[in-house]
Amino acid sequence: MTDIPDVAALLDHTVTALGGTRRDGQVEMATAVAAAIDDEKHLAVQAGTGTGKSLAYLVPSIRHAVESNDTVVVSTATIALQRQLTERDLPRLSTALTTPLGREPQFAILKGRANYLCLNKVHSDVADEPESELFDAFELSRTGREVTRLREWTSDTETGDRDDLPQGVSDRSWRQVSVTSRECLGANACPYSEDCFAEIARRKAAASDVIVTNHAMLAIDAMSPATILPEHKVVVIDEAHELVDRITSVTTEEISAANVSQVARRLGKLVSDETADALVGAGEQLGELLEDAQNGEWIRLPGGAGEILASLRDRLWNARSEIGPAKPGTDPEAAAARQMAMSSADSLHDTVVRVLAMFDERDITKRFDVVWKSVDDFRNNTRHTLRIAPLSVAGLLRTSLFTDSTVVLTSATLTVGGNFDALARTWGLQPHGDDPEGAGWRGLDAGSPFDYGRSAILYVADRLPPPGRDGIAPATLDQMAEMMTAAGGRTLGLFSSMRAAKEATEKLRDRVDFPILCQGDDATSTLITKFADDEETCLFGTLSLWQGVDVPGPSLRLVMIDRIPFPRPDDPLLSARQRDVDARGGGGFLTVSANHAALLLAQGAGRLLRSTSDRGVVAVLDPRLATARYGGYLMAGLPPFWKTRDPNAVVAALARLASS
């Protein structure tokens, strides 16, 4: 199309139509996004809360899609942001832009196939058998009730999308009515292909200007030989600080005795009794091996592990080969069961091969994966699991994402130590260093509408004892109680572990006169709602609260952080990444652990100011932020709050806020 207004004019029109006001940071970001698309040069944008970054990237993206007839992919990390985009931002934006663009922009949401009901599985009664350790009457009864409700919902839903289910169900129940992409029969073989919810979503996405998806789908699209996302030249990654972790999660595989048992059950009568028994025997050997093995990273294979894994590999391959091709005229139920069996056998076989191939490389510095054994407790049952994950996803992102598309990455927190280079390395982009132009991407800090220096105090408690392993120090508890009392409640406590959150909750409930909610007492969303609705209520918790709380107004005046959120020293993947950086002559602690802590610390501090009228204190009760040599590096990633180390000044400020 021609004669389309430029991005600045479209943004002004949109903001006016939506009843908003001009924000300089939003205009700067939108202009930069448009330039990145035109110049085909990647862009990283840090846009603080209140900048209006969604409109800042959606307006130039939609303009490009309409002008060039090219689809733009927008990827998010969380369901909450997907819902915000598809249920609020894009419908309003589409209406506002219809006149200046000459037509109504179209948008769609696209998720993985397993997020949608599978009509063939629902109607053919092909279901997963429950895992052996979950055979208890309560669980089976609950699953039965949920599956019945899901089957009834099939006739009511227009989308088949799990996120549209009025009342949620367990993962186990959902698996009874859904399939993965590997388990799907395919549009040509499935009798329900015309009505398939996943296929309808894909067809709608293919005809849209903007597709909203998630980081996991980006990874699946990158690794799959089939085309999942429609052809596109521009990708916008919101919540980009989560990109590496989400991609790593998708590319992590696991092996356990329960996995083998499930594959054997799915194979059922498709293979001979001898083949099935051999596979079950290999699974039992694996179970004994994992029970005896130490937890943590495997630098080398334990004694006998190579032989047991090789035996499992061979028996999986024999079983897979014995299934053979589908016979003509196979009914849909039998075809679905066969496809599920083949898929599960293929997936587990490939994972075992991946583990053995990693250990074929004797030089640990040349390995691309990390293998570790962990113990998971589920409803008082213990499962010993072997996991394998990529040491880095930078290469995958560099070749599959940044090579074929222009990518815009944005979040409220992207700079570490004052620049974008730390995250750029993890994305597979060349750090700017002394040659920003030669790196192939640009970084922009679009700022924030908040006056941080006048709105909030950053208190670093340099006189408290450093956090240790023996619980929260009495002096730290005293200071928590004093600040919370001065604030009149209104406190969000962010803790490095659930143990610490529960300890603080238990000990402080007897010392303050207002309610303290603790993560785990109820559903997290319910707790956040209760916290927001009652000004005196406090909320304590761990990781999901560091990034998942958006409570503007007087219900939040104090954010307490118990310690610098370094990763656990026994985290096998991050430890291996740190060791790899050290082996290559870099600083592993700063590159991995400190960067991890800096991003999370910035996310936690960002919970305080959610609107321009908010006021309060961020209190970091870990003196290392003031005394350790890495403290300045971590502080550089925080907003420019007014800083103090005086606890009396903080208590007085909180008291004034409480009385105002």
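Scroll up to find the structure this text is about.
Here's a quick rundown of the structure. Keep in mind it's a predicted model, so treat the numbers as computed, not measured.

Calculation rules
Residues numbered from 1 in each chain as written. Predicted model: local features only at pLDDT ≥ 70, side-chain atom pairs only at ≥ 80, totals over all residues. Heavy atoms only, no water. Phe/Tyr/Trp six-rings, centres within 6.5 Å; stacked < 30°, edge-to-face > 60°. Helix = DSSP H or I, 4+ residues; strand = E, 2+ residues; numbered from the N terminus. Buried < 20%, exposed > 50% of the residue type's maximum accessible area, 1.4 Å probe, protein only. Pairing = 2+ DSSP bridges. Axes fitted to C-alpha atoms, helices over the stretch in contact; angles between N-to-C directions. Contact = heavy atoms within 4.5 Å. Salt bridge = Lys/Arg side-chain N within 4 Å of Asp/Glu carboxyl O. Parallel < 35°, antiparallel > 145°, perpendicular 65-115°, else oblique. Nonpolar A, V, L, I, M, F, W, Y, C, P; charged D, E, K, R; others polar. Patch = residues over 30% accessible without salt bridge, like charges linked within 9 Å, V, L, I, M, F, W, Y side chains within 5 Å. Areas by Shrake-Rupley, 256 points an atom, 1.4 Å probe, with all protein chains shown as cover. Lys, Arg positive; Asp, Glu negative; His and termini not counted. Charge placed at Lys NZ, Arg CZ, Asp CG, Glu CD.

A short note on the packing of aromatic side chains
Line of reasoning, step 1. Scanning the entire structure with this criterion turns up 7 aromatic pairs.
Line of reasoning, step 2. Pairing F495 with F540 gives two aromatic rings, centres 5.2 Å apart and planes at 55°, and the pair type is tilted. Of this pair, F495 sits in the loop between β13 (491-494) and α19 (498-508) while F540 sits in strand β15 (residues 538-541), and the two are 45 residues apart along the sequence. F540 matches F495 in its accessibility class, with the two residues each being buried.
Line of reasoning, step 3. Chaining the aromatic ring pairs together yields one cluster made of F450, Y452 and F641.

Quick word on the sheet that holds strand β1 (residues 42-47)
Line of reasoning, step 1. The strand order across the open sheet formed by 7 strands is β3-β4-β2-β5-β10-β1-β11, and the pairing between neighbours is parallel. Both edges of this open sheet fall to β3 (107-109) and β11 (441-447), since each of them pairs with a single strand only. Averaged over all neighbouring strand pairs, the angle between strand axes comes to 20°, with direction disregarded.
Line of reasoning, step 2. Inspection of the sheet shows β1 paired to strand β10 (residues 406-411) by 4 bridges, in the parallel sense. From the neighbouring strand, Q46 faces β10, where its bridge partner is S411.
Line of reasoning, step 3. Each of β1, β5 (232-237), β10 and β11 touches helix α2 (residues 24-39); the most contacted strand, β11, lies at about 165° to it.
Line of reasoning, step 4. Contacts from helix α3 (residues 53-68) reach β1, β2 (71-76), β4 (210-214), β5 and β10 within the one sheet, and its direction differs from that of β2 by about 160°.

Description of the sheet that holds strand β12 (residues 456-460)
Picture the strands of a sheet paired through backbone hydrogen bonds; they go either parallel or antiparallel.
Line of reasoning, step 1. Strand order in the open sheet made by the 7 strands is β14-β15-β13-β16-β17-β12-β18, with parallel pairing throughout. Every other strand in the sheet has two partners, leaving β14 (516-518) and β18 (642-644) as the edge strands with one partner each. When the angles between neighbouring strand axes are averaged without regard to direction, this sheet yields 15°.
Line of reasoning, step 2. Together, β12, β13, β14, β15, β16 (558-561) and β17 (616-620) form the strand contacts of helix α18 (residues 474-487), whose direction differs from that of β16 by roughly 170°.

Thoughts on the side chain of D89
Line of reasoning, step 1. Mapped onto the secondary structure, D89 falls in helix α4 (residues 79-101).
Line of reasoning, step 2. On the accessibility criterion, D89 (9% relative accessible area) is buried.
Line of reasoning, step 3. Ignoring anything within four residues of it in the chain, the contact list for D89 reads S54, L58 and Q84.

Some thoughts on unusual backbone geometry
Line of reasoning, step 1. Notably, N69 is not glycine yet its phi reads approximately 60°, a positive angle.
Line of reasoning, step 2. One non-glycine residue, E239, lies in positive phi territory at about 50°.
Line of reasoning, step 3. Structurally, E239 can be placed in the loop between β5 and α10 (243-250).
Line of reasoning, step 4. In this structure E239 comes out as buried when scored by relative accessible area, which is 15%.

Looking at the pattern of salt bridges
Line of reasoning, step 1. Applying the stated criterion to the full structure yields 31 salt bridges.
Line of reasoning, step 2. The shortest N-O distance in the salt bridge between R387 and E254 comes to 3.2 Å. Of this pair, R387 sits in strand β9 (residues 381-390) while E254 sits in strand β6 (residues 253-256), and the two are 133 residues apart along the sequence.
Line of reasoning, step 3. The exposure class assigned to R387 is buried, which follows from its relative accessible area of 17%.
Line of reasoning, step 4. Using a relative accessible area of 29% as the deciding quantity, one classes E254 as partly exposed.
Line of reasoning, step 5. Between R610 and D550 there is a salt bridge whose closest N-O contact spans 3.0 Å. Of the two residues, R610 sits in the loop between α23 (588-605) and β17 while D550 sits in the loop between α21 (543-548) and β16, which places them 60 residues apart along the sequence.
Line of reasoning, step 6. A network of salt bridges, in which partner residues are shared, links D12, R22 and D24.

A short note on the packing of helix α11 (residues 257-267) against helix α12 (residues 273-292)
Line of reasoning, step 1. Where α11 meets α12, the closest approach of the two axes is 8 Å, and the angle between their N-to-C directions is 170°. By the angle between their axes, α11 is roughly antiparallel relative to α12. Of α12, the residues touching α11 (which contributes A257, V260, V263, A264 and L267) are L279, V280, G283, L286 and G287.
Line of reasoning, step 2. Here the residues of the contact of α11 with α12 sort into 8 nonpolar, 2 polar and no charged.

Details of a negative patch on the surface
Line of reasoning, step 1. Taken together, the side chains of D273, E274, D277 and E322 present a region of like negative charge at the surface.
Line of reasoning, step 2. Top contributing element to the negative patch by residue count: α12, with 3 residues.
Line of reasoning, step 3. With respect to the helices and strands, E322 occurs in helix α13 (residues 305-323).
Line of reasoning, step 4. Look at E322 and you get partly exposed, because its relative accessible area is 35%.

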